[in-house]
Amino acid sequence: MQPTRVTDLIRLDHIWFRSQFAALQSARDDPGSLTSLWATLSARLEVHAAAEETLFYPRLLKDDSDSVDDTKDAIRDHNEIRDAIRDAEGHPVSDDAWWKAVNATEHANTEHMDEEEKGPLIEFDDAASSGEQEELASAFSAFETEHAGARGISIEDKDPEGYIEANS
Ligand SMILES: [Fe+2]
Ligand SMILES: [Fe+2]
């Protein structure tokens, strides 16, 4: 059954990200699998960040006036993850430089997910009504379906201060 809280959809994506980074490590000797695992995982990381920036963080900012610093941290983290993905794209799959960039992506993403899970997701669970959670859950999953494969989203870094201004 589809979760009815956007925060649970985000948590489920995080679980999937952890499993796919583990799958990459298990496929170390198989460049074909690495190529397809990474293509799927990197696109999904982009779409997840875009969905959070389009739907989740603007609403967190409205519902919880103390969320400005956490939101700026999240945008900075998303930029770091995007940069590491860009770096990986500049190297042949399974080269040392590719692994270095993939490991940097995993490191940045793992830290970021831990922070989101300890801060913003809990803050939103406390601040949002069940109706708002449900409304955002369906918008979030529609966004991820519409933009699957990172179709039609911006993968450019965002200025954290400008983002807060635009969404306050
Ligand atoms: Fe995030
Ligand atoms: Fe997330």
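Rules of the game
- Residues numbered from 1 in each chain as written.
- Chains lettered and ligands numbered in written order.
- Predicted model: local features only at pLDDT ≥ 70, side-chain atom pairs only at ≥ 80, totals over all residues.
- Helix = DSSP H or I, 4+ residues; strand = E, 2+ residues; numbered from the N terminus.
- Buried ≥ 20, exposed ≤ 12 C-beta atoms within 10 Å, placed from the backbone.
- Core = buried A, V, L, I, M, F, W, Y, C linked by C-beta atoms within 7 Å.
- Contact = placed C-beta atoms within 7 Å.
- Axes fitted to C-alpha atoms, helices over the stretch in contact; angles between N-to-C directions.
- Parallel < 35°, antiparallel > 145°, perpendicular 65-115°, else oblique.
- Left-handed = near helix turned anticlockwise from the far one by under 90°.
- Nonpolar A, V, L, I, M, F, W, Y, C, P; charged D, E, K, R; others polar.
- Expected span 1.5 Å × (residues − 1).
- Bend = angle between axes of the 7 residues up to and from the residue.

Chemist: I keep staring at the overall build of the protein and nothing clicks. Help me out?
Modeler: Across its full length, the protein carries seven helices and zero strands. The helix and strand sequence of the protein, counted from the amino end, reads α-α-α-α-α-α-α. Along the longest, intermediate and shortest principal axes, the C-alpha atoms of the protein span 50 × 35 × 30 Å. The buried share among the 168 residues of the protein stands at 28%.

Chemist: Help me out: how do you make sense of the nonpolar core in this one?
Modeler: Where a protein is soluble and globular, its nonpolar side chains tend to be buried together. One finds V6, L45, F56, I81, A84 and F140 to be the most contacted residues of the largest nonpolar core, which totals 31 residues. At 10 residues, the largest contribution of residues to this core is made by helix α2 (residues 31–63). If we ignore the near neighbours within four places in the chain, the residues touching V6 are F56, Q133, L136, A137 and F140.

Chemist: Where do I start with the packing of helix α1 (residues 6–26) against helix α4 (residues 96–118) in this structure?
Modeler: Packed helix pairs are specified by the crossing angle of their axes together with the interaxial distance, meaning the distance between the axes. Here α1 crosses α4 at 155 degrees, and the two axes come no closer than 11 Å. With respect to their mutual orientation, α1 and α4 come out roughly antiparallel. Remark: the crossing between α1 and α4 carries left-handed chirality. Residues R11, H14, F17, F21 and L24 of α1 touch α4, and the partners they reach there are V102, E106, N109, M113 and E117. Here the residues of the contact of α1 with α4 are counted per class, giving five nonpolar, two polar and three charged.

Chemist: Looking at this structure, how should I read unusual backbone geometry?
Modeler: In this model, S94 sits at a positive phi of 80 degrees, which is unusual for a non-glycine residue. Among the structural elements, S94 can be located in the loop between α3 (68–89) and α4. S94 gets classed as partly exposed once you count the C-beta atoms within 10 Å, which come to 17. Of note, A150 is a non-glycine position whose phi angle comes to about 70 degrees, a positive value.

Chemist: Explain the environment of L24 to me, please; I cannot follow it from the model alone.
Modeler: Here L24 lies in helix α1. Sequence-wise, L24 and L37 are 13 residues apart; in three dimensions their C-alpha atoms are separated by 6.7 Å. Apart from the residues within four sequence positions on either side, L24 is in contact with L34, L37, W38 and V102.

Chemist: What is the right way to look at α2 in this model?
Modeler: One turn of the α-helix equals 3.6 residues, which is why residues spaced by three or four share an orientation. If you check α2, its first and last C-alpha atoms are 45 Å apart, about what 33 residues at 1.5 Å a residue would give, namely 48 Å. Approximately 40 degrees is the largest bend angle found in α2, and it occurs at E53.

Chemist: Looking at this structure, how should I read α4?
Modeler: A rise of 1.5 Å per residue sets the reference length of α4, with its 23 residues, at 33 Å; its end C-alpha atoms lie 33 Å apart and thus fit the reference within 8%. Within α4 the residues assigned to the buried category are A101, V102, T105, E106, A108, N109, H112, M113 and E116. Buried positions along α4 lie against α1, α2, α3 and α5 (120–127).

Chemist: How do you make sense of the environment of D95 when you look at a structure like this?
Modeler: Along the chain, the position of D95 falls in the loop between α3 and α4. By the C-beta count within 10 Å, which is 12 here, D95 ends up exposed. Along the primary structure D95 and D73 are separated by 22 residues, whereas in three dimensions their C-alpha atoms are 31 Å apart.

Chemist: Could you clarify how one ought to interpret the environment of I122 in this entry?
Modeler: Tracing the backbone through its elements, the reader meets I122 in helix α5. Sequence separation between I122 and T7 is 115 residues, and the spatial gap between their C-alpha atoms is 8.1 Å.

Note that all results are geometric; they support no functional claim without further evidence.
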